[in-house]
Amino acid sequence: MRTTVRPKYGDAARNLFAGTQGHRSYSQHVNALAILTGVTKGEEAVKVMNQTLADTSLIQCTIYFRYYLNQALKASGLGDQFLDNLQIWRDQMALGLTTWAEMPEPSRSDCHAWGASPNIEFYRILLGIDSDAPGFRKIRIAPSLGKLKEVSGTIPHPLGSVTAAYKLNERGEGTARLVLPEGTTGIFIWDGKEIPLKPGEQVISLSSRH
């Protein structure tokens, strides 16, 4: 399917994938899915993701579909832009909503579970905590902190909980304090380097990415 999709829907001139074979329709939805399904990878995926966010002529994702858009952001290696792409949720807060809507105004539902996807991504993209094996037996931690210098959080795990706490100085140097439950192993990814993790608490020195 990936081999078929590229020649029929790829548009190298626009760094995008069309939604129709005649290239009459373009959307954020199609391009997010092109990244998530591996139709595009590496540097090309970065270009596609940047264009997907920048080109306002594309059919825009509604609030619920931004779950996939944010996943594509992470998959393309641009997770550090996550916090910069939450304006649609800030707009809801400005309207006085106390639960998340399904789509921008006019919204047909002002209390929609899929609108709450940032609640997941604060842990999975920002703190970088994700399952790396069936049953969460292995834990992958690859943070995308963006401009943040200090952030921490804890998520439940079948064997206890997983904690990640980051503290950086203005040069982007600092520490990561990671706590894994007994009976698990993991890997920490920072600046392209992979560091094995063991159960319990460990503190890792972080160097600047620049």
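Here, the structure is the one placed above.
Residues numbered from 1 in each chain as written. Predicted model: local features only at pLDDT ≥ 70, side-chain atom pairs only at ≥ 80, totals over all residues. Heavy atoms only, no water.

Colleague: For this particular structure, what's the right way to read the overall build of the protein chain?
Modeller: Looking only at helices and strands, one finds 6 helices and 10 strands in the protein chain. Its C-alpha radius of gyration of 19 Å places the protein chain within 12% of the 17 Å reference for a compact globule of 210 residues. Dimensions of the protein chain, computed from C-alpha atoms along their principal axes, come out at roughly 55 × 45 × 40 Å. Put simply, the protein chain has 210 residues, and 41% of those count as buried. Long-range pairs, those at least 24 residues apart, make up 46% of the contacts in the protein chain between residues at least 6 apart in sequence. Accessible area for the protein chain stands at about 11400 Å²; split by element, carbon and sulfur atoms hold 54% of it. (Helix = DSSP H or I, 4+ residues; strand = E, 2+ residues; numbered from the N terminus. Rg over C-alpha atoms; globule rule 2.2 N^0.38 Å. Buried < 20%, exposed > 50% of the residue type's maximum accessible area, 1.4 Å probe, protein only. Contact = heavy atoms within 4.5 Å. Areas by Shrake-Rupley, 256 points an atom, 1.4 Å probe, with all protein chains shown as cover.)

Colleague: Can you walk me through the pairing of strand β7 (residues 174-180) in this structure?
Modeller: On any regular strand, side chains alternate: one points to one face of the sheet, the next to the other face. When strand β6 (residues 160-168) meets β7, the two strands line up antiparallel, connected through 6 bridges. Counterpart to A164 in the pairing with β7 is L178. Hairpin geometry of β6 and β7 is characterised by an intervening segment of 5 residues between the two adjacent antiparallel strands and by a positive phi of about 80 degrees at G172. Across 7 bridges, β7 lies against strand β10 (residues 200-206) in antiparallel orientation. Counterpart to R177 in the pairing with β10 is V203. (Pairing = 2+ DSSP bridges.)

Colleague: I tried to follow the packing of helix α3 (residues 42-54) against helix α4 (residues 66-75) on my own but got confused; where do I start?
Modeller: The relative placement of two packed helices is expressed as an angle between their axes plus a distance between the axes. As a packed pair, α3 and α4 sit with axes 9 Å apart at the nearest point and diverge in direction by 145 degrees. The crossing of α3 and α4 is left-handed. Here M49, T52 and L53 of α3 come into contact with α4, specifically with L69, A72 and L73. (Axes fitted to C-alpha atoms, helices over the stretch in contact; angles between N-to-C directions. Left-handed = near helix turned anticlockwise from the far one by under 90°.)

Colleague: Quick question: what am I supposed to make of the nonpolar core here?
Modeller: Core analysis: the biggest nonpolar cluster contains 22 residues, and I35 and M49 have the highest contact counts within it. Counting only elements with at least two residues in this core, the list comes to α2 (28-36), α3, α4 and α5 (87-94). For this core, the leading source of residues is α3, giving 4 residues. Filtering out sequence-adjacent residues up to four positions away, M49 remains in contact with I35, L69, A72, L73, S76 and L78. If you look at the next biggest cluster of nonpolar residues, it comprises 21 residues, including V151, Y166, A176 and W190. (Core = buried A, V, L, I, M, F, W, Y, C linked by side-chain atoms within 4.5 Å.)

Colleague: Where do I start with helix α6 (residues 118-126) in this structure?
Modeller: Helical geometry: 3.6 residues make up each α-helical turn, so side chains three or four residues apart lie on a common side. Every buried residue belonging to α6 is among P118, E121, R124, I125 and L126, and all of these are buried. For α6, the buried positions fall inside an angular range of 160 degrees around the axis, keeping them on one side. Contact partners of the buried residues in α6: α4, α5, β3 (129-131) and β5 (150-157). Two residues or fewer after α6 comes G128, characterised by a positive phi angle close to 85 degrees. (Arc of directions from axis to C-beta.)

Colleague: Hey, could you run me through the sheet that holds β10 in this one?
Modeller: Neighbouring strands of a sheet are bound in pairs by backbone hydrogen bonds; such pairs are parallel or else antiparallel. Spatially, the 4 strands line up as an open sheet ordered β5-β6-β7-β10, and their pairing is antiparallel. In this open sheet, the two strands that pair with only one neighbour each are β5 and β10. Geometrically, the sheet is characterised by an average inter-axis angle of 10 degrees between neighbouring strands, direction not taken into account.

Colleague: Looking at this model, I keep getting lost on the packing of aromatic side chains. Mind explaining?
Modeller: What characterises a pair of aromatic rings is the spacing of the ring centres plus the angle enclosed by the ring planes. Taken as a whole and judged by the stated rule, the model has 8 aromatic pairs. Between F65 and Y68, the aromatic rings sit 5.0 Å apart at their centres with planes inclined by 50 degrees, giving tilted as the arrangement. Geometrically, the ring pair formed by F82 and F122 is edge-to-face, given 5.7 Å between the ring centres and 70 degrees between the ring planes. Taken as a pair, F82 in the loop between α4 and α5 and F122 in helix α6 lie far apart in primary sequence, 40 residues in all. Using a relative accessible area of 0% as the deciding quantity, one classes F82 as buried. Through a chain of ring-to-ring contacts, three or more aromatic side chains come together here, namely Y64, F65, Y67, Y68 and W114. (Phe/Tyr/Trp six-rings, centres within 6.5 Å; stacked < 30°, edge-to-face > 60°.)

Colleague: Explain the layout of surface pockets to me, please; I cannot follow it from the model alone.
Modeller: Where empty space is left can be seen by rolling a probe of water-molecule size over the atoms. In this structure, the largest pocket encloses a volume near 460 Å³. Around the largest pocket, the lining is made up of 20 residues, and of these K74, G77, A142, P143 and S144 lie nearest the centre. Looking at the lining of the largest pocket, the elements that each hand over two or more residues are α4, α6 and β8 (185-190). No other element matches α4, which puts 3 residues into the lining of the largest pocket. Residue composition of the lining of the largest pocket, by class: 7 nonpolar, 6 polar and 7 charged. (1 Å grid on protein atoms, 1.4 Å probe; cavity = no way out; pocket = protein on both sides within 12 Å on 5 of 7 lines; lining within 4 Å. Points joined across faces, edges and corners; volume = space filled by probe spheres on them. Nonpolar A, V, L, I, M, F, W, Y, C, P; charged D, E, K, R; others polar.)

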